[in-house]
Amino acid sequence: MFRRAVDRGEIPPVTHPTLVSDILTGPLLLHVMLPATGPLDDTLVAATVDSALHLLSAGVRDA
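Residues numbered from 1 in each chain as written. Predicted model: local features only at pLDDT ≥ 70, side-chain atom pairs only at ≥ 80, totals over all residues. Heavy atoms only, no water.

## So, the packing of helix α2 (residues 17–33) against helix α3 (residues 42–58)
Close contact between α2 and α3 brings their axes to 9 Å; oriented N to C, the two are set at 160°. One element, α2, and the other, α3, form an angle in the roughly antiparallel class. In this structure, α2 crosses over α3, and the sense of that crossing is right-handed. In this structure, α2 contributes Leu19, Val20, Ile23, Leu24, Pro27, Leu28 and His31 to the contact, and α3 contributes Leu44, Val45, Thr48, Val49, Ala52, Leu55 and Leu56. (Axes fitted to C-alpha atoms, helices over the stretch in contact; angles between N-to-C directions. Helix = DSSP H or I, 4+ residues; strand = E, 2+ residues; numbered from the N terminus. Parallel < 35°, antiparallel > 145°, perpendicular 65-115°, else oblique. Left-handed = near helix turned anticlockwise from the far one by under 90°. Contact = heavy atoms within 4.5 Å.)

## Here's the deal with the nonpolar core
Residues Phe2, Ala5, Ile11, Val14, Val20, Leu55 and Leu56 constitute the largest nonpolar core, which totals seven residues. The set of elements that each furnish at least two residues to this core consists of α1 (2–7) and α3. (Core = buried A, V, L, I, M, F, W, Y, C linked by side-chain atoms within 4.5 Å. Buried < 20%, exposed > 50% of the residue type's maximum accessible area, 1.4 Å probe, protein only.)

## Remarks on α2
Since one α-helical turn is 3.6 residues long, residues separated by three or four positions face the same way. The end-to-end C-alpha distance of α2, which contains 17 residues, comes to 23 Å, matching closely the 24 Å that a straight helix rising 1.5 Å per residue would cover. Along its length, α2 shows its largest kink, about 30°, at Thr25, and proline Pro27 lies within four residues downstream of that point. (Expected span 1.5 Å × (residues − 1). Bend = angle between axes of the 7 residues up to and from the residue.)

## A closer look at the side chain of Thr48
Checked against the element boundaries, Thr48 lands in helix α3. Within polar-contact distance, the side chain of Thr48 engages the backbone oxygen of Leu44 at 2.8 Å. (Polar contact = N/O pair within 3.5 Å; in protein donor to acceptor, adjacent residues only side chain to side chain.)

## Notes on the confidence of the model for the protein chain
Scored by pLDDT, the protein chain comes out at a mean of 88, with 94% of its residues at no less than 70. When mean pLDDT is taken per element in the protein chain, α2 scores highest with 92 and α1 scores lowest with 88. (pLDDT = per-residue confidence, 0-100.)

## Thoughts on a nonpolar patch on the surface
On the surface, a nonpolar cluster with roughly 800 Å² of combined accessible area is contributed by Leu29, Leu30, Val32, Met33, Leu34, Leu40, Val45, Val49 and Leu53. Those elements giving two or more residues to the nonpolar patch turn out to be α2 and α3. Considering the arrangement of structural elements, one finds Val49 in helix α3. (Patch = residues over 30% accessible without salt bridge, like charges linked within 9 Å, V, L, I, M, F, W, Y side chains within 5 Å. Areas by Shrake-Rupley, 256 points an atom, 1.4 Å probe, with all protein chains shown as cover. Salt bridge = Lys/Arg side-chain N within 4 Å of Asp/Glu carboxyl O.)

Below is the structure:
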């Protein structure tokens, strides 16, 4: 999925795809598994995607 988006010029090359996947799925799974944290709604999805795109544009430092 990331490779296709890179090939289309939609995102920069992804050096840590597992980390980006965790950033995308973590908040969504948390809200599904622990409903008291709040609803899984369009606002959460948009914020999660924005965060992942910000991570991609900023890059990830190696530890």
